[in-house]
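Close look at the chain arrangement
Letter by letter, the chains look like this.
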Amino acid sequence: MTEYDLAIIGGGPGGYVAAIRAAQLGLKVVCIEGRGALGGTCLNVGCIPSKALLTSSAKFAELEKLAVHGIEQTGAALDVATMMGRKDKIVGDLTKGIAFLFKKNGVDLIEGWARIMAPGQVQVDAQTVTAKNILIATGSEPAPLFGVEIDEVAVLSSTGALALEEVPDHLVVIGAGVIGLELGQVWSRLGAKVTVVEYLDRILPGIDGEIAKLAQRSLSKQGMKFQLGRALRKVETTDAGLTLTLDRVGKDREETLEADKVLIAVGRRPVTRGLGLQEVGVVTNERGVIQVDGAFQTSVPGIYAIGDCVPGPMLAHKAEEDGVACVEMLAGVSAHVDYNTVPGVVYTDPEVASVGQTEEALKEAGVQYTVGKFSFMANSRARASGHTDGAVKVLVAADDHILGAHICGAHGGDLIAELVLAMTKGATVQDVAATCHAHPALGEAVKEACLDALGRAIHA
Ligand code: NAI
C-alpha cells in the first residue's frame, strides 16, 4: 500500500490545484473526490456553467439591440436544450482536463467519499489511505433557508437554476448576492420576468455601496425587478404555481408574490459533515467553518484545511491561493496569502469587480482617503461598443497607495487585474496613472480614475 506524503480530500479548485502544486514540489499526493468528476462546485455546478449560460444568454439578448447597428434579424429562436448541451460539454471537457493534469503530474485519484479516522489515516469505502498529512478541501454548498424545502423542480438552488429545461414565466430570486444576480440575469435575458427579493436595503452586500447602486440601476434598466428590505418567510405550492410570503423588514407587514420558480441564493455553508472532524478533534465554529492557523493547520497537527471550509471569502481563486500556500509551507517553501488583495467579480452585465477596502469600511475605520472616479460614459471604447454603464472608483491613502478599487462596467472582471497587481506590488495611483494605456481601450478608465484621485483626469 502506498504511503502518501499528502492526502487531499476534495478535488475542487482548492484541492486539485494544491494537489498539482504539491506534486510539483516532489510530494507523493493522492486526491480523494466523491462527486464522480473533478473541479468541485466551481467547475461542475458553479462558476463555469454559470459563465457558459451568461455568455449564451448575452448573445440572445444582444439580438434585440442589433437594429441600432443597421443589422436586421428576424426569426431568431431559442433552443434551451442546445444551450444547456453546450454548457455541459464545456464542463465535461474541463473536468476531464483536470484528470489529465493529475496523470501528467503523477497525482493519484481515488473516487469516493472520505472520512478521517485519525491523523494520517483516511477511509474511502473499504480502502484505508495513509498519509503523513491530510488536507481538507471540501468546499461549500448552498445554505438552506429555514422552512423552505429545495426540490430543484420549482424551488431551486443554484444547481437547479443552471439546469432548467425551459424559460420560466416568473422567476423569483431570493438574495441579491452574486449567485442571485448572475443566474437572475441569465433567465431575465432569456425572457423570464425576474424579481429579486433581498433582505437588506441594497444589493450585493460587501461591495462598495456606490458601485452596487450603479449595478442595480443598469440591471433594472435591462428589466430585472428588485424588491429590497424583504425576507422570504414561506413558499406554498398552488395549482397556479408558487405563492411566496415575504416579510417587510422592520415593518410588521407581509406581502405575497406569485411565481412559477424560486431560486434560493442566500449564501453558502462549508461542507464538513461526515468527515469525522469531531471524532478526531478538529475544531469548527457553530457554522461548521474549520478553524486554522497561519499555516492552514487545524487544531489537530497533521490535518490542514483550505478554501470555502475555512474563514475568508468563498471564492475559487481564494481557495487556489490557500491551497498553493498551504502545500508550499508543507514542503518548506515560504508562502503567504494577502487576503486584502483577493479580487471579487460578479459576472453580470455590467460586471462588478472589487478589491481591497470599500468606502463604507474606510469610513467606519476612520481612515483618511481620497476618491478617484471615472465613468465609462466618457471612455471612447465604451462609447464605440455601446457599454457605457458604470464607472471605475479608486480609494486612495494620503501617500497615494491604493486602499480599494471598484469597477462596475463591461469587462470589469478583467480590468480589475491591473489594480490588484498595483495593490499587491505596492504601486501608487501615480504609478498607474504614469503607465501608458492603449487607446482606445476600456483600461483607460482605470488610468483616468487614478488621474482623478490626483486631481488631473483628462476626460472627466
Ligand atoms: P451572498 O452572500 O453573496 O448573497 C446572499 C444574499 O441573500 C445577501 O444579500 C443576503 O442579505 C440575502 N438574504 C439572506 N437571507 C435572505 C432572506 N431570507 N430573504 C431575502 N434575502 C436574504 O450569497 P450567494 O449569492 O448565495 O453566493 C454564495 C457564495 O458563492 C458567495 O460567497 C460568493 O462569493 C460565491 N460565488 C461567487 C461567484 C463569483 O465569484 N462570481 C459566483 C457565485 C457564487
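Anyway, here's the lowdown on the structure attached to this text. Computed from a predicted model, the values in this text were never measured in an experiment. (Residues numbered from 1 in each chain as written. Predicted model: local features only at pLDDT ≥ 70, side-chain atom pairs only at ≥ 80, totals over all residues. Heavy atoms only, no water.)

Some remarks on the sheet that holds strand β20 (residues 370-375)
- If you trace the five strands from one edge of the open sheet to the other, you get β18-β19-β22-β21-β20, paired in antiparallel fashion. In the strand order of this sheet, the two ends are held by β18 (344-346) and β20, each with one partner. Ignoring which end each strand starts from, the neighbouring axes of this sheet average 10° apart.
- Where β20 meets strand β21 (residues 391-396), six bridges bridge the pair, whose relative direction is antiparallel. Residue V371 lies in a different strand from β21, and its bridge partner there is L395. (Pairing = 2+ DSSP bridges. Helix = DSSP H or I, 4+ residues; strand = E, 2+ residues; numbered from the N terminus. Axes fitted to C-alpha atoms, helices over the stretch in contact; angles between N-to-C directions.)

Concerning helix α12 (residues 412-425)
- Over its 14 residues, α12 runs 20 Å from end to end, which matches the ideal 20 Å to within 8%, given 1.5 Å per residue.
- Where α12 is concerned, the buried positions are G412, G413, L415, I416, L419, V420, A422 and M423.
- Summarising the contacts, the buried residues of α12 are in contact with β18, β19 (351-356), β21, β22 (402-409), α13 (429-433) and α14 (444-453). (Expected span 1.5 Å × (residues − 1). Buried < 20%, exposed > 50% of the residue type's maximum accessible area, 1.4 Å probe, protein only. Contact = heavy atoms within 4.5 Å.)

Topic: the pairing of β19
- When you tally the buried positions in β19, you get five out of six residues, the bulk of the element.
- Bridge analysis of β18 against β19 gives three bridges, and the strand direction is antiparallel. Bridged to G344 within β19 is S354.
- The turn joining β18 and β19, which pair antiparallel and follow one another in sequence, is formed by four residues.
- Strand direction decides the pairing type here: β19 and β22, joined by six bridges, are antiparallel. In the strand pairing of β22, G356 is matched with G404.

Digging into the pattern of salt bridges
- Here the structure, examined in full by the defined rule, presents 20 salt bridges.
- K28 serves as the salt-bridge partner of D108, at 3.7 Å between the closest nitrogen and oxygen. Residue D108 is found in strand β3 (residues 108-111), and its partner K28 is found in the loop between α1 (13-24) and β2 (29-33); the two are separated by 80 residues along the sequence.
- Judged by its relative accessible area of 32%, K28 falls in the partly exposed class.
- Within the structure, one salt-bridge network assembled from shared partners comprises D208, E210, E359, K363, K373 and K393. (Salt bridge = Lys/Arg side-chain N within 4 Å of Asp/Glu carboxyl O.)

Observations regarding unusual backbone geometry
- Each neighbour pair has its own omega, and for D349 with P350 the value is 0°, a cis peptide bond.
- Summarising the element assignment, P350 is placed in the loop between β18 and β19.
- Residues H439 and P440 are joined by a peptide bond in cis, for which omega reads -5°.
- In this structure, D125 takes a positive phi of about 50° despite not being glycine.
- Within the secondary structure layout, D125 lies in the loop between β5 (121-124) and β6 (127-136).

What about α14?
- Most of α14 sits out of view: eight of its ten residues are buried.
- Three or more residues of α14 are buried, namely E444, A445, V446, E448, A449, C450, L451 and A453.
- Buried residues along α14 sit against β20, α11 (380-385), β21, β22, α12 and α13.

Things to note about the site of the ligand
- In the neighbourhood of the ligand, 23 residues make up the surrounding shell, with I179, E182, E198, G267 and V345 lying closest.
- One of the backbone N or O atoms of Y199 is found 3.1 Å from a nitrogen atom in the ligand.
- L232 is positioned such that a nitrogen or oxygen atom in its backbone is 3.3 Å from a nitrogen atom of the ligand.
- Contributing elements (two or more residues each) for the shell around the ligand: α6 (178-189), β10 (193-198) and β12 (230-238).
- The residue makeup of the shell around the ligand, split by class, is 16 nonpolar, three polar and four charged. (Near = heavy atom within 4 Å. Polar contact = N/O pair within 3.5 Å; in protein donor to acceptor, adjacent residues only side chain to side chain. Nonpolar A, V, L, I, M, F, W, Y, C, P; charged D, E, K, R; others polar.)

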